[in-house]
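# Descriptive analysis of the structure
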Amino acid sequence: MPPALAPPDAGASLTLEQARRVALRAQGLDRPRVSGGRPTMRGFQQVVDRLGLLQIDSVNVLARAHLMPAYSRLGAYDTGLLDRAAGRAPRRLVECWAHEASFVAPRTYRLQGWRQRAYRDQAWGTIREVPLQHAAVLAEIRALVTAEGPVTARDVHARYEAEHPRRRTDWGWNWTVAKRVLEFLFFTGELTAARRNAAFERCYDLTERVLPAEVLAQPEPSEQDAIRELVAMAARAHGVGTPHCFADYFRVKRPAAVRTAVVDLVEEGELLPVSVEGWDRPAYLHRDATLPRRASGRALLSPFDPLVFERRRLEELFGMRYRIEIYVPAHRRVHGYYVLPFLLGSRMAARVDLRADRAAGVLEVRSAFAEPGSGHETGVVVAELAAELEEMASWLSLGHVRVLPEAPGDLAGSLATHLAES
């Protein structure tokens, strides 16, 4: 095992390469994935414990966002592990608003009470206005879930469709009144998901019927104590970062409370002030951080992977300016619709736009761009990326990888040739 990073004195400095390796070790991305054997629940749990959360997103052009981080770190695991962890008692994961909608450990769920109570300034308008606009329906749906849960939004909408028909517009989520009410109760913590069904719909139930009994029995921490623990968890998952990084991880929109938490954690010795080469803002190292001698991992990362959550940090650490272009009109996209950064060693070496054509059994590469300044030879990047794409195709039960003939990017042609030859 690489040696632990000796705790530096205040003001000690890390090179950018050292900071990258610390961050990759904290995220479990500094070493090659173990080959041979199917990852177990124990391995999946270790990923969850290390990351602290899995962001949920419904886009399914490749694989749903919450499935990808474990794949990037474990390889071809059985996604049924996540379904069991979140859908069967005693649950190892529950859903709540953390870094957007997320899976978190039940104990972490209990740290969200301050956000749930503060929905007036933490939630968006569609949710925030539910008690004012739909008070009567809110009471009825609360009683319905109590009596009949778990239920889906579709189930509940069927009860109210005549009175509150769906209003379709040209843009937006077009949520029904039933969905809005259920999401309000989800945001405020009265409800959570007992499971997801085959259509990826939440099956809403009372939170008290979902959380493990021993977690429910614990007293809820104060807002400041909860935020301090969330900041500490985020710092551990980062290895090294700034207060803004730590706040963004769980979307803690309480600047003063975050500053107080950082001061407290420094005084307790959990955070150690450091400077990082090229960073113009204060940085902190978590006391559990370690510095591997080298980073030798390889992974395709979801746009919603915890390593790439905070775009400024991604650019400062890896020199990668990255934007999710899902909501950008097609003619204005630079790199593609669902673009994944490709990590090779301690650098981002490329980015590829991918799509799973499940009907044809093909993993489509719709663009492939080398990342400037990665330090890797093009041939090495192409070979490693091709191998990674083939592994992903196998995990997704797709027969082969195909670079589209019209795929843009300076790696597309070489990647197509390599895949054809292999």
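Owing to the predicted nature of the structure, the values given are computational and were not obtained by experimental measurement.

## Points about the overall build of the chain
Helices and strands together make up the secondary structure of the chain, namely 19 helices and 14 strands. Relative to the globule expectation of 22 Å for 422 residues, the C-alpha radius of gyration of the chain, 22 Å, shows essentially globular dimensions. Taking the principal axes of the C-alpha coordinates as reference, the chain spans close to 65 × 55 × 40 Å. Within the chain, the proportion of its 422 residues that are buried is 57%. For the chain, restricting intrachain contacts to residue pairs at least 6 apart in sequence, the fraction spanning at least 24 positions comes to 70%. When the accessible surface of the chain is totalled, it reaches about 19000 Å², and 49% of it is carbon and sulfur. Both charge centroids of the chain, one from 56 positive and one from 52 negative side chains, sit 1 Å from each other.

## Overview of the pairing of strand E9 (residues 283-286)
Both faces of E9 are covered, namely the face carrying Ala283 and Leu285 and the face carrying Tyr284 and His286. Where strand E7 (residues 240-241) and E9 come together, two bridges link them in antiparallel fashion. Within E9, the position partnered with Gly241 by the bridge is Tyr284.

## A look at the side chain of Arg110
Its location among the elements puts Arg110 in the loop between helix H5 (106-109) and helix H6 (113-117). Apart from residues lying up to four places away in sequence, Arg110 is in contact with Leu211, Val215, Leu216, Gln218, Pro219, Glu220 and Pro221.

## Section: the packing of aromatic side chains
Summed over the entire model, instances satisfying the criterion amount to nine aromatic pairs. Ring centres of Tyr249 and Phe250 lie 5.6 Å apart, and the angle between their planes is 75°; on these two criteria the pair is classed as edge-to-face. Per residue, the accessibility class of Tyr249 equals that of Phe250, and both read buried. Among the aromatic side chains, those forming a connected cluster through ring pairs are Phe44, Tyr71, Tyr77 and Trp395. One residue, Arg33, lies across the ring of Tyr71, its end atom 5.2 Å from the ring centre. Its guanidinium or amino end placed over the ring of Phe200, Arg64 lies 4.1 Å from that ring's centre, counting from NZ or CZ.

## Remarks on the sheet that holds strand E8 (residues 271-276)
Across the sheet, which stays open at both edges, the four strands sit in the order E1-E8-E9-E7 with mixed pairing between neighbours. Of all the strands in the sheet, just strand E1 (12-14) and E7 have a single pairing partner and so form its edges. Of the pairings in the sheet, the one linking E1 to E8 comprises three bridges and is parallel in character. Paired with Leu14 across the two strands is Val276, which belongs to E8. Against the sheet, helix H1 (residues 16-27) touches E1, E7, E8 and E9, its axis set at about 80° to E1. Each of E8 and E9 touches helix H16 (residues 255-267); the most contacted strand, E8, lies at about 105° to it.

## Comments concerning the pairing of strand E12 (residues 347-357)
By the criterion of burial, E12 is predominantly enclosed, with nine of the eleven residues buried. Summarising the sheet, strand E11 (residues 339-344) and E12 pair through six bridges and their orientation is antiparallel. When the bridges of E12 are listed, Phe342 appears paired with Ala350. Where E11 folds back on E12, the antiparallel hairpin that results is connected by two residues, among which Gly345 adopts a positive phi of roughly 70°. Between E12 and strand E13 (residues 362-370), which pair antiparallel and follow one another directly, the connecting turn spans four residues, one of which, Gly361, has a positive phi of 70°.

## Points about the sheet that holds strand E3 (residues 94-98)
As summarised here, the arrangement of the three strands in space is E2-E4-E3, forming an open sheet in which the pairing is antiparallel. In the strand order of this sheet, the two ends are held by strand E2 (53-55) and E3, each with one partner. Averaged over all pairs of adjacent strands, the angle between their axes in this sheet comes to 40°, without regard to strand direction. Where E3 lies against strand E4 (residues 100-104), five bridges are found, and the strand directions are antiparallel.

## Observations regarding the nonpolar core
Formed by 119 residues in total, the largest nonpolar core has its most connected members in Phe44, Leu62, Ile141, Leu354, Met392 and Leu415. Looking at this core, the element that brings in the most residues is helix H14 (residues 223-238), giving nine residues. Of all hydrophobic cores here, the second largest spans 28 residues; its members include Leu14, Ala299, Leu317 and Tyr322.

## Considering the pattern of salt bridges
Evaluated as defined, the whole model comprises 38 salt bridges. In this structure, the salt-bridge partner of Glu391 is Arg33, at a minimum N-O distance of 3.0 Å. Residue Glu391 is found in helix H18 (residues 378-395), and its partner Arg33 is found in the loop between H1 and helix H2 (41-51); the two are separated by 358 residues along the sequence. Glu391 gets classed as partly exposed once you look at its relative accessible area, which sits at 36%.

## Examining the layout of surface pockets
Put simply, the second largest pocket is a space of about 660 Å³. Gly28, Arg31, Val47, Arg50 and Arg73 are the residues nearest the centre of the second largest pocket, which is lined by 30 residues in total. For the lining of the second largest pocket, the secondary-structure elements that each account for two or more residues are H1, H2, helix H3 (68-74) and strand E10 (298-300). Element by element, the count of residues in the lining of the second largest pocket is highest for H2, at five residues.

Thresholds, definitions, all that
- Residues numbered from 1 in each chain as written.
- Predicted model: local features only at pLDDT ≥ 70, side-chain atom pairs only at ≥ 80, totals over all residues.
- Heavy atoms only, no water.
- Helix = DSSP H or I, 4+ residues; strand = E, 2+ residues; numbered from the N terminus.
- Rg over C-alpha atoms; globule rule 2.2 N^0.38 Å.
- Buried < 20%, exposed > 50% of the residue type's maximum accessible area, 1.4 Å probe, protein only.
- Contact = heavy atoms within 4.5 Å.
- Areas by Shrake-Rupley, 256 points an atom, 1.4 Å probe, with all protein chains shown as cover.
- Lys, Arg positive; Asp, Glu negative; His and termini not counted.
- Charge placed at Lys NZ, Arg CZ, Asp CG, Glu CD.
- Pairing = 2+ DSSP bridges.
- Phe/Tyr/Trp six-rings, centres within 6.5 Å; stacked < 30°, edge-to-face > 60°.
- Lys NZ or Arg CZ within 6 Å of the ring centre and 35° of its normal.
- Axes fitted to C-alpha atoms, helices over the stretch in contact; angles between N-to-C directions.
- Core = buried A, V, L, I, M, F, W, Y, C linked by side-chain atoms within 4.5 Å.
- Salt bridge = Lys/Arg side-chain N within 4 Å of Asp/Glu carboxyl O.
- 1 Å grid on protein atoms, 1.4 Å probe; cavity = no way out; pocket = protein on both sides within 12 Å on 5 of 7 lines; lining within 4 Å.
- Points joined across faces, edges and corners; volume = space filled by probe spheres on them.

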